[in-house]
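Coordinate analysis (summary)
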Amino acid sequence: MFYREFKSPAIVRSGDHIIEDLDELLKSSHLYFPSKILVTQENLFQIFKHRLNVCNFYDMIFVKGGSTDEVPGLIEQMKRTPEALVVAFGGGSVLDLVKYCASKNDSPYITVPSTLSNDAVYSCVSRLTNNGKKTSYGVQPPMGIIVDFDIVRQSPKELLLAGVADIFSNFSACQDWLLSHNNTGETINEIAFMLAKQSAYPLYDYTEKDLTTNKFLFDLTNGIITSGLSMIISGNTRGTSGSEHLISHAIDEFYPNHSTIHGIQVGWAHRYIQNHLRRDEYEANRINVFFDRIGLSDVIEQLIPWKDDDFNMLIPFAKQIRNRYTIFDTL
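Heads up: these notes are all about the structure in this document. Since this is a predicted model, take the numbers as computed values, not measurements. Each chain carries its own residue numbering, running from 1 in the written order of its sequence. Totals for whole chains, interfaces and linings use every residue, but because this is a predicted model, local features are given only for residues with pLDDT of at least 70 and side-chain atom pairs only at 80 or more, for both listing and counting. To obtain the side-chain values, all non-hydrogen atoms of the structure were included, while hydrogens and water were left out.

What follows concerns the overall build of the protein. Scanning the protein from N- to C-terminus turns up 14 helices and eight strands. Two things to know: the radius of gyration comes from C-alpha atoms, and the globule rule equals 2.2 Å times the number of residues to the power 0.38. A compact globule built from 331 residues would reach a C-alpha radius of gyration of about 20 Å, and the protein, at 19 Å, matches this within 12%. The buried label applies to any residue whose accessible area, calculated with a 1.4 Å probe on protein chains only, is under 20% of its type's maximum; exposed applies above 50%, and partly exposed to all values in between. Within the span of the protein, comprising 331 residues, buried residues form 55% of the whole. By definition in these notes, contact holds between two residues if any of their heavy atoms fall within 4.5 Å. Sequence-distant contacts in the protein: of pairs separated by 6 or more residues, those separated by 24 or more amount to 73%. Working definition of accessibility: Shrake-Rupley area with a 1.4 Å probe, residue cover restricted to the visible protein chains. By element, 48% of the accessible surface of the protein is carried by carbon and sulfur atoms, the whole surface being about 14,800 Å². Charge counting treats Lys and Arg as positive and Asp and Glu as negative, with His and both chain ends excluded. We put the charge of a Lys on NZ, of an Arg on CZ, of an Asp on CG and of a Glu on CD. Here the protein contributes 30 positively and 39 negatively charged side chains, and the mean placements of these two sets differ by 3 Å. Runs of H or I in DSSP of at least four residues are treated as helices and runs of E of at least two as strands, each being numbered from the N terminus.

Here's what the structure looks like:
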């Protein structure tokens, strides 16, 4: 009898001022390692060093993040302490670099995000720049996630809203998945489909004034983890990355000088697709009201250099990103 197996995280903890209790949190989850290595950006470490220094790291490795250029050096440093737990502390660029290197080196690692701007916190995909081009790589997900709300709430509002838009776009991705199922016969993993959508529902309840509350950060954290679990169960990003992500990746690849935060680009594309390409007035109105209420509409207006009239011009580039059936294939 065959069962699909997947790795669930051994520890998921979130709350205020918990990074100082890292050793105790690991022990309470029966995770024992002879040493720990911190991988982060130097400027980020300087901001939080008074809190990180109490965690008894055997070594600290400073990286820039986001590029394969640093992969050989980081893997070499990991090999010096093969039994150590690697602790990735930072934004998506640092987490993606560590995820890739730890997977290549078969090193145990956990993620400690400094912000919640996308689902890099817990996923089986790493996005890194290779020879000037953003590329996706399959990786092993982290064995644990520690989210210190006091650290995360100090990140820019735009990054938290990017996280909201990235998770909220799962609704668009699931619509594309269902469209492909109906038009091409593509199989839907119903557990992954359910988790992808469920990760976004709790975010509906919030407004812009809630962005620094523990309740919002808790739901965003769990939305990101649930979204990542959807990818791990399905073995792909079908429920979390559809036509809206193809637009964002196309901007990064073909118009890098006009790109901005990934989640904000995804949010812009999601809203346009819902308003102009899908024939669902109810859903279009719902996303417009939510984006206005949470503050995403203003941030999109500030950060996205593209006009709605430019969108159709981007579609042919988006279709080159990945061989994935979406709403674009019906136009």
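From this point, the discussion proceeds with the structure in view.
The subject of this paragraph is the packing of helix H6 (residues 157–168) against helix H13 (residues 296–303). Note on geometry: axes are C-alpha line fits, over the in-contact stretch for helices, and angles between N-to-C directions span 0 to 180 degrees. One way to put it is that H6 packs onto H13 with a least axis distance of 10 Å and a crossing angle of 110 degrees. As the angle between them shows, H6 and H13 are arranged roughly perpendicular. Contacts between H6 and H13 involve Glu-158, Leu-161, Val-164 and Ala-165 on the former and, on the latter, Leu-296, Val-299 and Leu-303. Three classes are used, and their members are as follows: Ala, Val, Leu, Ile, Met, Phe, Trp, Tyr, Cys and Pro are nonpolar, Asp, Glu, Lys and Arg are charged, and the others, Gly among them, are polar. A breakdown of the residues in the contact of H6 with H13 according to their chemical character gives six nonpolar, no polar and one charged. Angle categories: roughly parallel below 35 degrees, roughly antiparallel above 145, roughly perpendicular from 65 to 115, and oblique for all the rest.

Pairing between strands is defined by DSSP: at least two bridges between them are needed. Spatially, six strands are ordered E1-E8-E5-E4-E2-E3 in an open sheet, and the strand pairing comes out parallel. Sheet topology places strand E1 (11–15) and strand E3 (59–62) at the edges, where each strand pairs with a single neighbour. The mean angle between the axes of side-by-side strands here comes to 15 degrees, regardless of whether they run parallel or antiparallel. Bridge count for strand E2 (residues 36–40) against E3 is four bridges, and the pairing is parallel. Following the sheet pairing, Ile-37 is matched in E3 by Asp-59. Relative to the sheet, helix H4 (residues 92–105) contacts E2, strand E4 (85–90) and strand E5 (109–113), its axis offset from that of E4 by approximately 160 degrees.

A few words on the nonpolar core. As used here, the term nonpolar core means buried Ala, Val, Leu, Ile, Met, Phe, Trp, Tyr and Cys residues forming a set that is joined through side-chain atoms within 4.5 Å. Residues Leu-116, Leu-220, Ile-247, Trp-268, Phe-311 and Phe-328 are the most contacted members of the largest nonpolar core, which totals 75 residues. Look past the residues within four positions of Trp-268 in its chain and what remains in contact with it is Ile-247, Ile-251, Ile-300, Ile-304, Trp-306, Lys-307, Asp-308, Phe-311 and Leu-314. Grouped together as the second largest cluster of nonpolar side chains are 21 residues, Ile-18, Ile-19, Cys-55 and Ile-110 included.

Across its 14 residues, helix H12 (residues 281–294) extends 20 Å between first and last C-alpha, which sits within 8% of the 20 Å expected from 1.5 Å per residue. Among the residues of H12, those classed as buried are Glu-283, Ala-284, Ile-287, Phe-290, Phe-291 and Ile-294. The buried side chains of H12 occupy one side of the element, clustering within an arc of 135 degrees when seen end-on. Projecting away from the buried face of H12 at angles above 90 degrees are the exposed residues Glu-281, Tyr-282 and Asp-292. Looking at the buried side of H12, the elements it contacts are H6, helix H11 (262–276) and H13. A positive phi of about 100 degrees marks Gly-295, the residue just after H12. Helices are assigned an expected span. That span is 1.5 Å times one less than the residue count. What the arc describes is the spread of directions from the helix axis to the C-beta atoms.

With a phi angle near 55 degrees, His-17 is a residue other than glycine that sits in the positive phi range. Note on placement: His-17 falls in the loop between E1 and helix H1 (22–28). A positive phi angle, near 55 degrees, is found at Asn-56, a position not held by glycine. The topology assignment puts Asn-56 in the loop between helix H2 (42–52) and E3.

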